[in-house]
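# Descriptive structure summary
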Amino acid sequence: MARSFKTYKFTNNTGQAVNDLHITWGLAGIEVIVVDGKKPDDKDAEYTLTDTGGEADISDHDVQNNGEVKVRIKTANRRPPQRVTYYWTKDGARVGEVLRLAGNIPVPDEIPDEVAFRRFEERMDFLSDRLDMLIEMNRFRK
């Protein structure tokens, strides 16, 4: 199965501190795998994630004005989402407008270790799929 990994950067330009980010990916089958360098199940993650595959709510994550949140996703498709919309809230009340990320926005400051880990992760997913296929084929031979 083809997969795609991508990091999106969301900047808080609302003029005030916020604590929730609400994202609509524009595609189904999206999995948030990292927020600001922490996996959702990491005990040190300073956020709560509600992820439905087409939308993600990142709550309890304080972001100052002009601060940013980096969200890394994995999709079941080769092509990452292109029509990403989002908005910020403070204690559940929306702050500012619903915004749209234009097209395929790269995150220029990904460090080489993250890029290398991403490539390793992509390769491991590919190999895992191949291994599953070989195991399944072996079952039919018995």
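Residues numbered from 1 in each chain as written. Predicted model: local features only at pLDDT ≥ 70, side-chain atom pairs only at ≥ 80, totals over all residues. Heavy atoms only, no water.

## Section: the pattern of salt bridges
The line we're drawing: One speaks of a salt bridge when a side-chain nitrogen belonging to Lys or Arg is within 4 Å of a carboxyl oxygen belonging to Asp or Glu. Strands are runs of DSSP state E lasting at least 2 residues, helices are runs of H or I lasting at least 4, and numbering of each runs from the N terminus.
Going through the model one piece at a time under the given rule, you end up with 2 salt bridges. Two residues, Lys9 and Glu68, come together in a salt bridge whose shortest N-O distance is 3.9 Å. With Lys9 in strand E1 (residues 4-11) and Glu68 in strand E6 (residues 68-75), this residue pair connects regions lying 59 residues apart in the sequence.

## Observations concerning a nonpolar patch on the surface
Rules: In this analysis, a patch consists of residues with relative accessible area above 30% that form no salt bridge, clustered at 9 Å for like charges and at 5 Å for the nonpolar side chains Val, Leu, Ile, Met, Phe, Trp and Tyr. Working definition of accessibility: Shrake-Rupley area with a 1.4 Å probe, residue cover restricted to the visible protein chains. Only protein chains enter the accessibility calculation, which uses a 1.4 Å probe; a residue is then buried when its area is under 20% of its type maximum, exposed when over 50%, and partly exposed in between.
Taken together, the side chains of Phe120, Met124, Phe126 and Leu127 make up a nonpolar region of the molecular surface, amounting to roughly 370 Å² of accessible area. In this fold, Met124 is placed in helix H1 (residues 112-141). A relative accessible area of 39% means that Met124 is categorised as partly exposed.

## Concerning the side chain of Ser59
Here is the rule: Two residues form a contact once any of their heavy atoms are found within 4.5 Å.
Mapped onto the secondary structure, Ser59 falls in strand E5 (residues 55-59). Setting aside residues no more than four positions away along its own chain, Ser59 makes contact with Asn19, Asp20, Tyr47 and Thr48.

## Structural notes on unusual backbone geometry
Phi at Asp36 takes a positive value of approximately 50°, unusual for a residue other than glycine. At Asp91, a position not held by glycine, the phi torsion is positive, near 50°. Topologically, Asp91 is positioned in the loop between strand E7 (85-90) and strand E8 (93-100). By relative accessible area, Asp91 is classed as exposed at 63%.

## Here's the deal with the side chain of Asn12
So the rule is basically this: In protein, a polar contact requires one atom able to donate a hydrogen and another able to accept it; more generally it is a pair of N or O atoms within 3.5 Å, and residues adjacent in sequence count only if both atoms are side-chain atoms.
Mapping Asn12 onto the fold places it in the loop between E1 and strand E2 (20-24). At 2.6 Å, the side chain of Asn12 forms a polar contact with the side chain of Thr14. For Asn12, the side chain forms a polar contact with the main-chain oxygen of Val63, separated by 3.2 Å. Excluding its chain neighbours within four sequence positions, the residues that come into contact with Asn12 are Ala17, Val18, Val63, Gln64, Asn65, Asn66, Gly67 and Trp88.

Geometric descriptors of this kind do not, in isolation, establish any biological role.
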